[in-house]
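One letter stands for each residue in the lines below.
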Amino acid sequence: MSATRTLISPATLARPRGKAVYWTVFTAVVVCFTLAFLFPVYWMVTGAMKSPDEIARTPPTLVPDHWRTGGYTDAWDLMQLPQHLTNTVVQAAGAWAFQLVFCTAAAYALSKLKPAFGKVVLGGILATLMVPAQALVVPKYLTVADLPLIHTSLLDDPLAIWLPAVANAFNLYLLKRFFDQLPRDVLEAAEIDGAGRLRTLWSVVLPMSRPVLGVVSIFALVAVWQDFLWPLMVFPDTGKQPISVALVQLSQNIQLTVLVAAMVIASIPMVALFLVFQRHIIAGISAGSTKG
């Protein structure tokens, strides 16, 4: 059995001085990285509690002179956050549902059903990852502005967000790789018990795929929540725009503290979503790196 090489030998760690140095360095590194990640969040949250003069002061103040919560209430009312947050939730939830259904079905078909020319189809899908997203904006816009065959416009319609979100090659490949690692014995046992393809997918594959489905869900929701250019193009009506577009459109003649408060409020749902499902996200990321 080969010994594992480490930066500090076990003999050094066993000594009181070596243990003290190790834990001091370890604690300092953890504290520095924690501050590096959390300080911008602290700066944004406290910036909304400062007065307009204080937030523009040079040098800036680390702690507000007077804690004010009026910036958050003003942002909630003046920037019409409830309406735009509702728009964002509807658009993100629809894109998530469409993507989860169709990407899961396509990945299952390519992984387990082995259709004719499946590798060619998968190769074509993965080739789209090499195309810059900006190069696809104009073709997508022309498609949703005048939908082929039925010749109807999807502008100012959530379907303009939902349908393009389905074509996500990365999430499809992530799901396929996970399905490839599922034990074949389990699927064969389901077939012996009389389960069809759809029944096997619903009762066997999906329950075993909860970690990767959680990761795909987070990717799908975050992609829609933070997208700016595409919603700006397909929602000319400001009343139907998501929060990412509304923050820019309504920022004219708005105090900086109010705008910062609106950004804080807009980021809360995604932060809360990650904190609630972080165990599933980490499990899903690690699940794809090992053989099942």
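Thresholds, definitions, all that
- Residues numbered from 1 in each chain as written.
- Predicted model: local features only at pLDDT ≥ 70, side-chain atom pairs only at ≥ 80, totals over all residues.
- Heavy atoms only, no water.
- Patch = residues over 30% accessible without salt bridge, like charges linked within 9 Å, V, L, I, M, F, W, Y side chains within 5 Å.
- Areas by Shrake-Rupley, 256 points an atom, 1.4 Å probe, with all protein chains shown as cover.
- Salt bridge = Lys/Arg side-chain N within 4 Å of Asp/Glu carboxyl O.
- Helix = DSSP H or I, 4+ residues; strand = E, 2+ residues; numbered from the N terminus.
- Buried < 20%, exposed > 50% of the residue type's maximum accessible area, 1.4 Å probe, protein only.
- Contact = heavy atoms within 4.5 Å.
- Polar contact = N/O pair within 3.5 Å; in protein donor to acceptor, adjacent residues only side chain to side chain.
- Axes fitted to C-alpha atoms, helices over the stretch in contact; angles between N-to-C directions.
- Parallel < 35°, antiparallel > 145°, perpendicular 65-115°, else oblique.
- Left-handed = near helix turned anticlockwise from the far one by under 90°.
- Expected span 1.5 Å × (residues − 1).
- Bend = angle between axes of the 7 residues up to and from the residue.

A.B. asks: Explain a nonpolar patch on the surface here, please?
C.D. replies: Judged by side-chain polarity, V21, V25, V29, F33, F37 and L38 come together as a nonpolar surface patch covering roughly 610 Å² of accessible area. Checked against the element boundaries, L38 lands in helix α2 (residues 16–47).

A.B. asks: What should I look at first to understand the environment of F219 in this one?
C.D. replies: The residue F219 is located in helix α12 (residues 210–226) in this model. Judged by its relative accessible area of 36%, F219 is partly exposed. Residues F219 and A266 lie 47 residues apart in sequence; the distance between their C-alpha atoms is 17 Å. When near neighbours in sequence (up to four residues on either side) are disregarded, F219 contacts F170, N171 and L174.

A.B. asks: How should I be thinking about the side chain of S244 in this particular structure?
C.D. replies: Along the polypeptide, S244 turns up in helix α14 (residues 243–249). For S244, a relative accessible area of 15% corresponds to the buried category. A polar contact of 2.6 Å, which involves the side chain of S244, links it to the backbone oxygen of D227.

A.B. asks: Looking at this structure, how should I read the packing of helix α5 (residues 81–113) against helix α9 (residues 169–180)?
C.D. replies: Helix-helix packing is characterised by the crossing angle of the two axes and by the distance between the axes. α9 packs onto α5 with a crossing angle of 45° between their chain directions and a minimal axis gap of 8 Å. Judged by the inter-axis angle, α5 sits oblique to α9. Along this stretch, α5 crosses α9, giving a crossing that reads as right-handed. Within the contact between the two elements, α5 uses Q99, C103, T104, A106, A107, Y108, L110, S111 and K112 and α9 uses N171, L172, L175, K176, F179 and D180.

A.B. asks: Sorry, what's going on with α2 here?
C.D. replies: For α2, which comprises 32 residues, the first-to-last C-alpha distance of 44 Å matches the rise-based estimate of 46 Å (1.5 Å per residue) to within 8%. The axis of α2 is deflected most strongly, by about 35°, at L38, and proline P40 appears within four residues downstream. For α2, the set of buried residues is G18, T46 and G47.

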